[in-house]
Amino acid sequence: MNRLTIKIYPGTLKSLTLSVGCALFVYGGWFMAHDTYPLHVIIGYSGAAFFGAGFVVSLGYTMLRLFSRPWATIHKDRLKVLVPIRFGYKTFMFEDIGFFYVAGSQIYAAYSRKKGNVPTGLLSVMLDNLPEICNILNERLERYRLDAK
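All of the points below concern the structure found in this document.

About the thresholds
Residues numbered from 1 in each chain as written. Predicted model: local features only at pLDDT ≥ 70, side-chain atom pairs only at ≥ 80, totals over all residues. Heavy atoms only, no water. Helix = DSSP H or I, 4+ residues; strand = E, 2+ residues; numbered from the N terminus. Buried < 20%, exposed > 50% of the residue type's maximum accessible area, 1.4 Å probe, protein only. Contact = heavy atoms within 4.5 Å. Pairing = 2+ DSSP bridges. Axes fitted to C-alpha atoms, helices over the stretch in contact; angles between N-to-C directions. Core = buried A, V, L, I, M, F, W, Y, C linked by side-chain atoms within 4.5 Å. Parallel < 35°, antiparallel > 145°, perpendicular 65-115°, else oblique. Left-handed = near helix turned anticlockwise from the far one by under 90°. Nonpolar A, V, L, I, M, F, W, Y, C, P; charged D, E, K, R; others polar. Expected span 1.5 Å × (residues − 1). Phe/Tyr/Trp six-rings, centres within 6.5 Å; stacked < 30°, edge-to-face > 60°. Lys NZ or Arg CZ within 6 Å of the ring centre and 35° of its normal.

What to know about the overall build of the protein
- Per the secondary structure count, the protein includes 3 helices and 7 strands.
- Sequence-ordered secondary structure for the protein, helices as α and strands as β, is β-α-α-β-β-β-β-β-β-α.
- Within the span of the protein, comprising 149 residues, buried residues form 33% of the whole.
- For the protein, long-range pairs separated by at least 24 residues make up 48% of all intrachain contacts whose partners lie at least 6 apart in sequence.

Pasting the structure below:
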């Protein structure tokens, strides 16, 4: 593997915990849906549908890890982030980014002034050690700027 490339994978424990939790709530919703009280039926089907979608998403994160498909790849001059809706990667060039920061449960990239300075969410809650990843990204960004001079 190239030392200039760092691959970041989803947190296995987080995705498995979310999968099991969603499956249990779907199971509970299914039992509520077969009650005689109409409100319980509506709540049961709604909960089963909502947590069923969560189960599918969390299972997708688990599959990413099992098939060794990285959530993000940090290169010398760019960051490639997986976009799950498109099943492809989006590339963010370091020359367009001012800095990276953590807010809540996501890593954001603040674009430099020439791109409009609009923050973009890059990496999500399913990753472990977000502050460490953010520090690595900012170090790579600084190294890129020093090499570009």
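Digging into the sheet that holds strand β4 (residues 88-93)
- Read from one edge to the other, the open sheet built from 4 strands follows the order β1-β2-β3-β4, with strand pairing classed as antiparallel. The sheet terminates laterally at β1 (6-8) and β4, the two strands that pair on one side only. Across the sheet, the mean angle from the axis of one strand to that of its neighbour is 15 degrees, orientation sign disregarded.
- When strand β2 (residues 72-74) meets strand β3 (residues 78-83), the two strands line up antiparallel, connected through 3 bridges. When the bridges of β3 are listed, Thr73 appears paired with Lys80.

What to know about the pairing of β4
- Pairing of β3 with β4, which is carried by 6 bridges, proceeds in the antiparallel orientation. Residue pairing across strands places Val83 opposite Gly88, the latter belonging to β4.
- As consecutive antiparallel partners, β3 and β4 are separated by 4 residues, and within that stretch Phe87 has a phi angle of approximately 55 degrees, a positive value.

Overview of the nonpolar core
- If you look at the biggest cluster of nonpolar residues, it comprises 22 residues, and the most contacted ones within it are Trp71, Leu79, Ile97, Phe100, Ile107 and Leu137.
- At the level of secondary structure, the elements contributing two or more residues to this core comprise α2 (38-66), β2, β3, β5 (97-103), β6 (106-111) and α3 (130-148).
- No other element matches the 5 residues that α3 contributes to this core.

Side note on the packing of helix α1 (residues 12-33) against α2
- It is at 7 Å that the axes of α1 and α2 come closest, and there the two elements cross at 160 degrees. Between α1 and α2, the angle is such that the two are roughly antiparallel. In terms of crossing hand, the pair formed by α1 and α2 is left-handed.
- Looking at the contact of α1 with α2 residue by residue, the class counts come to 17 nonpolar, 10 polar and 1 charged.

Observations concerning α2
- Over its 29 residues, α2 extends 41 Å from the first C-alpha to the last, a length consistent with the 42 Å expected when each residue adds 1.5 Å.
- For α2, the set of buried residues is Gly44, Gly47, Ala48, Gly52, Ser58, Tyr61, Thr62 and Leu64.
- Of the residues trailing α2, Ser68 is marked for its positive phi of about 55 degrees.

Considerations on the packing of aromatic side chains
- Per the counting criterion, the structure on display carries 7 aromatic pairs.
- Between the aromatic rings of Phe25 and Phe51, the centroid separation amounts to 4.7 Å while the plane-to-plane angle is 20 degrees, which identifies the pairing as stacked. One end of the pair, Phe25, is in helix α1; the other, Phe51, is in helix α2, with 26 residues separating them in the sequence.
- Each ring, one from Phe99 and one from Tyr101, has its centre 5.7 Å from the other, and the planes form 45 degrees; the classification is tilted.
- Look at Phe99 and you get partly exposed, because its relative accessible area is 44%.
- Among the aromatic side chains, those forming a connected cluster through ring pairs are Phe25, Phe50 and Phe51.
- Lys80 extends its terminal NZ or CZ atom over the ring of Tyr89, reaching a point 5.2 Å from the ring centre.

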